Amino acid sequence: MTTPRRTRAAAGALPAAVAVLAALAAGCGTQHADDGAGAQRPARTAVATPSRPADFPCPGESATPTPTATAAADAGTPPDHYAKNHGFRVPIALHGQARCDGLAAAARIEKALEPLRERGDFDPEHTRTALVGLGYPAGKVNAHQNGDRAVGFLIVAPSMCLEGSLYREAAQADAFGGYPDGSDCEPPRGGH
């Protein structure tokens with residue numbers, strides 16, 4: 001019976017290959033300031049990140065930016081999971097010209113509802129009639145009773161959603177771009 005012979009080259013090939021692979025794996029994902037000869041490598045270019053569309057002052061609006069929400073004062077408090085878990089219910093903000101169009105539409109609505117507020121008329125049907133009178137299709141205007149002395153409304157406009165309330169103190173309207181997971185300006189139901 002003959003035994004297979006191993007040559008020195010064959011016997012050393014496997015450990016050498018393993019050593020090369022280990023060396024390559026060890027260097028994977030690391031960055032070096034130079035290549036050993038003192039020459040600097042070129043800097044990595046920044047990856048483009050999506051940006052929010054630019055907002056500009058709309059007619060009748062001051063040029064000062066609106067304040068943004070600030071971080072919690074106590075950094076030791078646990079994060080607010082309610083906000084994270086209900087983020088799908090946060091309306092999409094309008095930007096650019098759409099934002100200006102939304103502010104103008106909200107102002108028109110508030111002005112149209114002012115006579116009802118002055119009379120103390122909190123009938124949802126009268127609110128709906130006033131909103132349809134602004135040119136919104138009747139099938140896209142919803143008004144509902146919100147307590148004894150308030151009416152809530154929602155308008156599905158072609159390029160935005162308009163929502164607000166008529167209170168004893170004021171008529172208030174806001175424009176937004178819908179909801180991330182909603183449809184026809186209605187907030188999505190459910191969550192986790």
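In what follows, the structure referred to is the one given above.
Quick caveat, the model's predicted, so the values are computed rather than measured.

Participant: Any chance you could explain the sheet that holds strand 2 (residues 150–156) here in plain terms?
Facilitator: Strands pair in a sheet through their backbones, by hydrogen bonds, and they do so in one of two ways: parallel or antiparallel. Read from one edge to the other, the open sheet built from 4 strands follows the order 1-2-3-4, with strand pairing classed as antiparallel. Each edge of the open sheet carries a strand with a single partner, namely strand 1 (141–145) and strand 4 (171–176). Direction aside, the axes of adjacent strands within the sheet are offset by 15° on average. Taken strand by strand, helix 3 (residues 96–119) contacts strand 2, strand 3 (161–167) and strand 4, and its axis lies near 160° from that of strand 4. Across the sheet, helix 4 (residues 124–132) touches strand 1, strand 2 and strand 3, and the angle it forms with strand 1 is around 155°.

Participant: Explain the packing of aromatic side chains to me, please; I cannot follow it from the model alone.
Facilitator: Each aromatic ring pair is specified by the distance between its two centres and by the angle formed by the two planes. Evaluation of the coordinates by the stated rule reveals 1 aromatic pair. Arranged with centres 5.3 Å apart and planes meeting at 65°, the rings of Phe-176 and Tyr-179 form a pair that is edge-to-face. In this structure Tyr-179 comes out as buried when scored by relative accessible area, which is 10%.

Participant: So what exactly am I meant to see when it comes to the pairing of strand 2 here?
Facilitator: The side chains of a regular strand alternate between both faces of the sheet. A large share of strand 2 lies buried, amounting to 7 of its 7 residues. Examined bridge by bridge, strand 1 and strand 2 share 5 bridges and lie antiparallel to one another. Along strand 2, the bridge assignment pairs Asn-142 with Leu-154. Hairpin connection, strand 1 to strand 2: the antiparallel pair is bridged by 4 residues, and Gly-147 has positive phi, about 85°. Summarising the sheet, strand 2 and strand 3 pair through 7 bridges and their orientation is antiparallel. The residue bridging Leu-154 from the neighbouring strand is Glu-163, located in strand 3.

Conventions and cut-offs
- Along each chain, residues carry numbers from 1 onward, in the same order as the chain's sequence is written.
- pLDDT decides what is reported in this predicted model: residues at 70 or higher carry local features, side-chain atom pairs at 80 or more are listed and counted, and totals for whole chains, interfaces and linings draw on all residues regardless.
- With hydrogens and water set aside, each side-chain value is computed from the structure's full complement of heavy atoms.
- Pairing between strands is defined by DSSP: at least two bridges between the two strands are required.
- Under the scheme used here, helices are H or I runs from DSSP no shorter than 4 residues and strands are E runs no shorter than 2 residues, and both carry numbers assigned from the N terminus.
- Orientation is described by axes fitted as lines to C-alpha atoms, over the contacting stretch for helices, and by angles from 0 to 180 degrees between their N-to-C directions.
- Two residues form a contact once any of their heavy atoms are found within 4.5 Å.
- Side-chain rings of Phe, Tyr and Trp, where Trp is taken by its six-membered ring, are said to pair if the distance between their centres is within 6.5 Å; with planes under 30 degrees apart they count as stacked, over 60 as edge-to-face, and otherwise as tilted.
- Each residue is assigned to one of three classes by its accessible area relative to the maximum for its type, calculated with a 1.4 Å probe on protein chains only: buried under 20%, partly exposed between the two thresholds, exposed over 50%.

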